[in-house]
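Tertiary structure, described
For reference, the chains in residue letters:
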Amino acid sequence: MKVLKFGGTSVGTVGSLANVKSIVDSLEEPAVVVVSALGGLTDRLIATAKSASEGDLSFREGVVEMSRRHFDIIEELVPQSRRDAVRTIVSDLLSELEDIYTGVALIRELSDKSLSRIVSFGERMSSVIVAEILDNAAHRDSLGFMRTEKWFNRDIATRQLTDELIREVFPLPLTRTVVTGGFISLDKDTGEITNLGRGGSDYTAALIAAALDADSLEIWTDVDGFMTADPRVIHDATVIDSMSFIESMELCSFGAKVIYPPTIYPVFHKNIPIRILNTFNPSAPGTLITDGSENLSSDVRGVSSVKNTCMVSVSGSLTSNVAQINSRSYNAMARNGVSIFLVAQPNTETSFSMALSANDADRAVGILRQEFAPELQSGEVTGVSLEKDLSVIAVVRESIREVRGLGPRLVNTLQRDGIEVKAVSDGASETTIAIITKASDTDRSLRLIHTACFG
Ligand code: ADP
Ligand code: ASP
Ligand code: MG
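Described in the following lines is the structure provided in the data block. (Residues numbered from 1 in each chain as written. Chains lettered and ligands numbered in written order. Predicted model: local features only at pLDDT ≥ 70, side-chain atom pairs only at ≥ 80, totals over all residues. Heavy atoms only, no water.)

**Digging into unusual backbone geometry**
Cis rather than trans, the peptide bond between Leu172 and Pro173 has omega equal to -5°. Positive phi is not limited to glycine here, since Asn308 has a value of about 55°. Of the residues examined, Asn308 reaches a relative accessible area of 43% and is grouped as partly exposed. (Buried < 20%, exposed > 50% of the residue type's maximum accessible area, 1.4 Å probe, protein only.)

Printed below as a string of structure tokens:
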């Protein structure tokens, strides 16, 4: 049994949905199909919510436009006998949405709770429609099985409970294909609508695949596979035929947007292969992600980057106890829910740095100042500093440490072109060399590194 996930562009138009239909209807056995909201709709739902919270009443036209978009698809693709029923479901959802917008506009305030409810309508509508477009498919509401809990200020999936509910909602063997919406969930304690974060439909699909021990997880998107770099930045990036779970996990957590980062772990854990495939070119072989991968002709599997990065550094005469400072910093961050991309050694011996999301910058500085308060007082630590507007460029392959001299070679490539390398993490990880540059140098650095690695 397979789990197939179709992203926003795949379910965005009548034409792309016709491709989805032909892909799913030609499967040999029933599958689970996870869909995103129609392409661009989640952004639209959020933008409309924000303007409603400023008292702008144009959400009324916004809702009319959303309904037109969904109704056009129903008109074109849902069999006539089911059209009225589907229109009624979608209309009811849209009138509930309009009521929420009206409330937001009246009180001129948009709480996180309201925003989570608002964005849920995208997947609630798309999944009902797709289920009716496919031959002999049933619909299941993902709010019936996806559960989250609060972790600091985030909603994270509650694995065991969600797994149990998935097994109840999708009894095996499947007798029909079942369609469900990705991304959305309920808080296990409050019952409020939550979600798994932007791009989270991939993760819903992975959780279902893992809970049901699926044979494979197929992520259907708008490119021919996982590529050596973001094709929007690197025009000559090529499709990677096969890669390992770890390589894909590293590339995605360092910014390769093709898969939402938490997606890989649950299927990796169950050794369920992932295929990345193109809805608009279904005969292309795509990328196969498994626990092994084919040998490489190049030194590297792929490169990716995360902008919106900052670097927090602890400085002082650290040489004698750098390991201890290192682990205390890590623990302090973990206790406070701040994730660290990497630990980097700047080009000096007297400081130690961590790269993290710029959204956590100020909090991270506060945490470290508190952690090292005694050392700051004694002078052993001379300061905790922050540098913003940075990027991390990640260069990934299994056993990258065995590629001799790669880190210095790449740093040289950048420096020769006048790019300032702020810090490097080379040798700390089995799979990734990470280079920190100014955010404004990101795309140029990616191009230089991609050319150095792939010619
Ligand atoms: P979906 O709506 O199907 O979830 P996304 O927009 O989330 O699609 O992800 C697909 C996009 O990811 C591609 O169109 C591409 O622009 C971008 N992308 C970034 N890095 C990579 C990469 N290394 N390989 C393939 N696509 C990438
Ligand atoms: N619709 C959601 C988003 O746009 C989830 C997804 O597409 O995966 O972020
Ligand atoms: Mg996506």
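Back to the text.
**Regarding the site of ligand 2**
Within the structure, ligand 2 sits among Ser36, Thr42, Glu123, Phe183, Arg198, Gly199, Gly200 and Ser201. Within the backbone of Gly200, an N or O atom sits 3.4 Å from an oxygen atom of ligand 2. Here the shell around ligand 2 is built from residues that sort into 1 nonpolar, 5 polar and 2 charged. (Near = heavy atom within 4 Å. Polar contact = N/O pair within 3.5 Å; in protein donor to acceptor, adjacent residues only side chain to side chain. Nonpolar A, V, L, I, M, F, W, Y, C, P; charged D, E, K, R; others polar.)

**Some details on the packing of helix 2 (residues 41-53) against helix 5 (residues 112-133)**
Axes are the key here: two packed helices are described by the angle between their axes and the distance separating the axes. Direction vectors running N to C along helix 2 and helix 5 enclose 150°, while the axes themselves pass 9 Å from each other. Taken together, helix 2 and helix 5 sit at an angle that is classed as roughly antiparallel. Of the two elements, helix 2 crosses helix 5, and the hand of that crossing is right-handed. For the pair helix 2 and helix 5, contact is made by Leu41, Thr42, Leu45, Ile46 and Ala49 and by Leu115, Ile118, Val119, Gly122, Glu123 and Met125, respectively. In the contact of helix 2 with helix 5, the residues fall into 8 nonpolar, 2 polar and 1 charged. (Axes fitted to C-alpha atoms, helices over the stretch in contact; angles between N-to-C directions. Helix = DSSP H or I, 4+ residues; strand = E, 2+ residues; numbered from the N terminus. Parallel < 35°, antiparallel > 145°, perpendicular 65-115°, else oblique. Left-handed = near helix turned anticlockwise from the far one by under 90°. Contact = heavy atoms within 4.5 Å.)

**A closer look at the packing of helix 3 (residues 59-77) against helix 4 (residues 80-107)**
Two numbers describe how helix 3 lies on helix 4: the axes approach to 10 Å, and their chain directions differ by 165°. Here helix 3 is positioned roughly antiparallel relative to helix 4, judged by the angle of their axes. The chirality of how helix 3 crosses helix 4 is right-handed. The residues of helix 4 that touch helix 3, namely those facing Phe59, Arg60, Val63, Met66, Ser67, His70, Phe71, Ile74 and Glu75, are Arg83, Val86, Arg87, Val90, Ser91, Leu94, Leu97, Glu98, Tyr101, Thr102 and Ala105. Taken together, the residues of the contact of helix 3 with helix 4 sort by class into 11 nonpolar, 4 polar and 5 charged.

**Some details on the pairing of strand 7 (residues 184-187)**
It is a general feature of regular strands that their side chains alternate between the two faces of the sheet. As judged from the 2 bridges shared by strand 4 (residues 147-151) and strand 7, these two strands associate in the parallel manner. The residue of strand 7 that forms the bridge with Thr148 is Asp187. Two strands pair when backbone bridges link them, and strand 7 and strand 8 (residues 193-195) are joined in this way by 3 bridges, in the antiparallel orientation. Opposite Ser185, over in strand 8, you have Thr194 as the bridge partner. (Pairing = 2+ DSSP bridges.)

**Comments concerning helix 14 (residues 442-454)**
The α-helix advances 3.6 residues per turn, and as a result positions three or four apart in sequence lie on the same side. For helix 14, built from 13 residues, the straight-helix expectation of 18 Å at 1.5 Å per residue is met to within 8% by its first-to-last C-alpha distance of 18 Å. Looking at helix 14, one finds that the buried residues are Thr442, Ser445, Leu446, Ile449, His450 and Cys453. An end-on view of helix 14 places all buried positions within 130° of arc, on one side of the element. Among the structural elements, strand 13 (302-316), strand 16 (381-396), helix 13 (406-416) and strand 18 (432-438) are those in contact with the buried residues of helix 14. Two residues or fewer after helix 14 comes Gly455, characterised by a positive phi angle close to 80°. (Expected span 1.5 Å × (residues − 1). Arc of directions from axis to C-beta.)

**So, the packing of aromatic side chains**
Following the criterion strictly, the structure yields 7 aromatic pairs and no others. Taking 5.9 Å as the distance between ring centres and 20° as the angle between the ring planes, the aromatic pair formed by Phe6 and Trp220 counts as stacked. Placement of the pair is Phe6 in strand 1 (residues 2-6) and Trp220 in strand 9 (residues 216-221), with a sequence separation of 214 residues. In terms of burial, Phe6 and Trp220 fall into one category: buried. Each ring, one from Phe254 and one from Phe341, has its centre 6.4 Å from the other, and the planes form 70°; the classification is edge-to-face. Of the two residues, Phe254 is situated in the loop between helix 8 (245-253) and helix 9 (264-269) and Phe341 in strand 14 (residues 340-344); the sequence distance between them amounts to 87 residues. (Phe/Tyr/Trp six-rings, centres within 6.5 Å; stacked < 30°, edge-to-face > 60°.)

Coordinates in, geometry out; function isn't part of it.
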